[in-house]
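Here is how the chains run, residue by residue.
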Amino acid sequence: MKRERSVKIVATLGPASDNYEMIRKLHEAGADVFRLNMSHGSHEKIAELHAAIRKVEEDLDSPIAILADLQGPKLRVGEFKNGSEELEIGADFRLDLDEAPGDVTRVTLPHPEIFAALEEGASLLVNDGKIRLKVKECGADFADCEVVIGGTISNRKGVNVPDVVLPLAALSEKDLADLEFVCELGVDWLALSFVQRAKDVWDARDLVKGRASVLSKIEKPSAVSSFEEILDASDGIMVARGDLGVELPVQNVPPIQKRLVRKCRAAAKPVIVATQMLESMIESPMPTRAEVSDVATAIYEGADAIMLSAESAAGDYPVEAVSTMDNVAQEVESDPTFTEVMEASRSASRTSVADGIVAAAREIAETTEIKAICCFTQSGTTALLTARERPRVPIIAMTSQRSTARRLALTWGTLCVMTDEFNRFKGAVVASARAARAGGFAEKTDQIVVTAGVPFNVPGTTNILRVAPCDERLIYASDPE
């Protein structure tokens, strides 16, 4: 499905969008990727959503990526005798392993691994940072804290530990079961929560066994500190600004977002900017001006995708939220400043023949009347490298692999077209011309750039570039057999 923008839109499914009709409306409005939040919903419900997405894909003949987002370990306090308590600034408060109901002086924290990692002076954040505790003394089964920011603490509120790397695996028992289920179901991307170090990603990859691409959510300070190693281990990244904004000072998040997006682009790996992008549209048909600016900023930074969470999963206006993102993206990308920013931030690093081919394709497209870059790709790598260049013309990824077409639905500027396998370059050029015309990107009188690898159907062999007419008669007339 042709889009009038290059950035992709990820829409989370939930109670407001859990049927075929709504999923189809969301895709037609602009959603390129659907996120299945494994924190909510049974395996049976997840399977129903997966089937509905695939039916929309089939009916509209439009490759759609499915992203399964694992919950990750959830750290929570226990329960209180009175249900909740008010903590005053400066008061003492103890966290321990005692299972007795809590009161205004203490509560259980049933995670001995936290106590094992804590040090004096460390911070503990409760209920998304609304309550901040500072550790004064700690041991194997307790932490005596001072209340730095007070407020209401109640049953089962979440706990963040921003200052230390916790001796916790990124995959809980629930995650392990969910991972196996969605990989067998056939999702395209698997998002890992609670990533602290590259080992968390490599461990997950060993379990995934190539059945899905692995995307790491950056939501902890330790992940920011070891980002290069995590990026190397991952197929993609999500800048998850929710927990990141809890565990770090909020003013740190914008520059971190900008740095991570640029590093992902330089590595030719897709990056999603997520969390609270159009939060007010959960209840309102119109976004705030600040939210529109936030979405625009992520697009100007060169993010591959922008994401809706509760807005499309549980909000009153899911289709309107997608349409708003689509409209903002079209407006931003038509701004000459956008093109200037993309070109100014382009990486000059060239280390392979494929790098040179895609750079040349972009250069030719920008200096002549080229309507599209058509790249033949088996694994998706050539399309990713082409997208890294952020060309001014559309990228048509031609592939015989349905799984590759679906994964590339997350990649900036890329339209995926299913095609036959080819043994001769002329056939590939003809197929490219037909795809460009059928997609509305070019007319018979136009030209396109075609990149491919010889021998065909071998991943990683991109080594040929052709400027071709869209008129098939001219292709046959000018090319020898």
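Read on for an overview of the structure. Since the structure is predicted, the reported quantities are computational estimates derived from the model, not experimental observations.

Right, let's talk about the pairing of strand β13 (residues 213–218) for a bit. With six of its six residues buried, β13 lies for the most part within the structure. Alternating residues of β13 divide into S213, L215 and K217 and V214, S216 and I218, and every residue in both groups is buried. Pairing between strand β12 (residues 189–192) and β13: four bridges, direction parallel. Along β13, the bridge assignment pairs L192 with S216. You can see the chain leave β12, run along helix α5 (residues 198–208) and come back into β13, and the turn it takes is right-handed. With four bridges connecting them, β13 and strand β14 (residues 236–240) associate as parallel partners. Counted as the bridge partner of K217 is M238 from β14.

Our next topic: empty space enclosed by the protein. This structure, assessed with the given rule, holds one cavity of 30 Å³ or more. In this structure, the largest cavity encloses a volume near 50 Å³. If you go around the largest cavity, the residues you meet are C264, R265, A268, K269, P270, D304, L384, A387, R388, R390 and T411. Secondary structure elements with two or more residues in the lining of the largest cavity: α9 (253–266) and α15 (381–388).

It is worth spelling out the pattern of salt bridges at this point. Following the criterion strictly, the structure yields 36 salt bridges and no others. Between E57 and R54 there is a salt bridge; the shortest N-O distance is 3.4 Å. In this pair, E57 and R54 both sit in helix α2 (residues 43–60), three residues apart, roughly one turn of the helix. With relative accessibility at 13%, the residue R54 sits in the buried group. D188 is the salt-bridge partner of R54, the closest N and O atoms lying 3.0 Å from each other. Taken together, the positions of R54 in helix α2 and D188 in the loop between α4 (173–185) and β12 put the pair 134 residues apart, joining distant regions of the chain. Members of the salt-bridge network, linked through shared partners, are R346, R362, E363, E366 and E389.

It is worth spelling out the nonpolar core at this point. A general tendency of soluble globular proteins is for nonpolar side chains to be buried together. Ranked by size, the top nonpolar core spans 72 residues in total, and within it F34, L192, I299 and I306 carry the most contacts. Discounting chain neighbours no more than four positions away, the residues touching I306 are V7, K8, I9, V10, V273, M277, V295, A298, I299 and M325. Formed by 28 residues, the second largest nonpolar core is a distinct cluster that contains V77, L109, I131 and V164.

This part takes up α5. Taken together, the buried positions of α5 are occupied by A198, D200, V201, A204 and V208. An end-on view of α5 places all buried positions within 155 degrees of arc, on one side of the element. Summarising the geometry of α5, the exposed residues directed more than 90 degrees from the buried face are K199 and D206. Those residues of α5 that are buried lie in contact with α4, β12, β13 and α7 (227–233).

Attention shifts here to the sheet that holds strand β11 (residues 159–160). The strand order across the open sheet formed by six strands is β6-β5-β9-β8-β7-β11, and the pairing between neighbours is mixed. Strand pairing shows two members of the sheet lacking a second neighbour, β6 (106–108) and β11, which therefore form its edges. Alignment of strand β7 (residues 123–126) against strand β8 (residues 131–139), held across four bridges, turns out to be antiparallel. Looking at β8, one finds that L124 is bridged to L133.

Conventions we followed
Residues numbered from 1 in each chain as written. Predicted model: local features only at pLDDT ≥ 70, side-chain atom pairs only at ≥ 80, totals over all residues. Heavy atoms only, no water. Buried < 20%, exposed > 50% of the residue type's maximum accessible area, 1.4 Å probe, protein only. Helix = DSSP H or I, 4+ residues; strand = E, 2+ residues; numbered from the N terminus. Pairing = 2+ DSSP bridges. Right-handed = clockwise from strand over helix to strand, strands pointing away. 1 Å grid on protein atoms, 1.4 Å probe; cavity = no way out; pocket = protein on both sides within 12 Å on 5 of 7 lines; lining within 4 Å. Points joined across faces, edges and corners; volume = space filled by probe spheres on them. Salt bridge = Lys/Arg side-chain N within 4 Å of Asp/Glu carboxyl O. Core = buried A, V, L, I, M, F, W, Y, C linked by side-chain atoms within 4.5 Å. Contact = heavy atoms within 4.5 Å. Arc of directions from axis to C-beta.

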